[in-house]
Amino acid sequence: MVNLTKSDLLADAIELHCANFNDNDQFTIKGFSIKFPGHPSEVLEGGGLNSNARSYVGDLKANQIVTVFDIKSAYSNGELIATENIPAFYIKIVE
């Protein structure tokens, strides 16, 4: 579980850190799928959200969960993280 604000999700690149992955070092994801409550999954090519996914962020409330999965690549300190080691992440929305 990763805690992010709506602003964090709307950034040009989604940056995560999780105690159970990558030694809690921050990393950036690229090419992934994302599922918002009440909306269809979106498949994204870059590091940020497309226009559909951005519109779903406005519907989010505190404590709702967004799922990020099928992550194609992640980078930590400019280095590629092996893709077979990248799990799905649950993002809890905080204010």
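Residues numbered from 1 in each chain as written. Predicted model: local features only at pLDDT ≥ 70, side-chain atom pairs only at ≥ 80, totals over all residues. Heavy atoms only, no water.

K.L.:
Whenever I open this one, the overall build of the protein chain confuses me. Can you help?
P.N.:
Helix and strand counts for the protein chain stand at two helices and nine strands. Written out in order from the N terminus, the α and β elements of the protein chain read β-α-β-β-β-β-α-β-β-β-β. Against the 2.2 N^0.38 benchmark of 12 Å for 95 residues, the protein chain shows a C-alpha radius of gyration of 12 Å, consistent with a compact globule. For the protein chain, the C-alpha atoms occupy an extent of roughly 35 × 25 × 20 Å along the three principal directions. Of all 95 residues assigned to the protein chain, the portion counted as buried reaches 38%. If you take every contact in the protein chain between residues at least 6 apart in sequence, the share linking residues at least 24 apart comes to 57%. When the accessible surface of the protein chain is totalled, it reaches about 5400 Å², and 45% of it is carbon and sulfur. (Helix = DSSP H or I, 4+ residues; strand = E, 2+ residues; numbered from the N terminus. Rg over C-alpha atoms; globule rule 2.2 N^0.38 Å. Buried < 20%, exposed > 50% of the residue type's maximum accessible area, 1.4 Å probe, protein only. Contact = heavy atoms within 4.5 Å. Areas by Shrake-Rupley, 256 points an atom, 1.4 Å probe, with all protein chains shown as cover.)

K.L.:
Honestly, the packing of aromatic side chains in this entry has me stumped. Any pointers?
P.N.:
The geometry of an aromatic ring pair comes down to the distance between the two centres and the angle between the two planes. For the structure on display, the rule yields two aromatic pairs. Here Phe-27 and Phe-89 contribute two aromatic rings whose centre-to-centre distance is 5.5 Å and whose plane-to-plane angle is 45°, an arrangement assigned as tilted. Taken together, the residues span a long stretch of sequence, with Phe-27 in strand E3 (residues 27–30) and Phe-89 in strand E9 (residues 89–93) at a distance of 62 residues. One exposure class covers both Phe-27 and Phe-89, and it is buried. (Phe/Tyr/Trp six-rings, centres within 6.5 Å; stacked < 30°, edge-to-face > 60°.)

K.L.:
Any chance you could explain the sheet that holds E3 here in plain terms?
P.N.:
To summarise the sheet geometry, strands pair through backbone hydrogen bonds and adopt either a parallel or an antiparallel arrangement. Reading across the sheet, the four strands line up as E2-E3-E7-E8 and stay open at both edges, with antiparallel pairing between neighbours. Of all strands in the sheet, those with a lone pairing partner are strand E2 (15–16) and strand E8 (79–81), marking the two edges. Pairing of strand E7 (residues 73–76) with E8 involves three bridges; the strand directions are antiparallel. Residue pairing in the sheet places Ser-76 in a bridge with Glu-79 of E8. (Pairing = 2+ DSSP bridges.)

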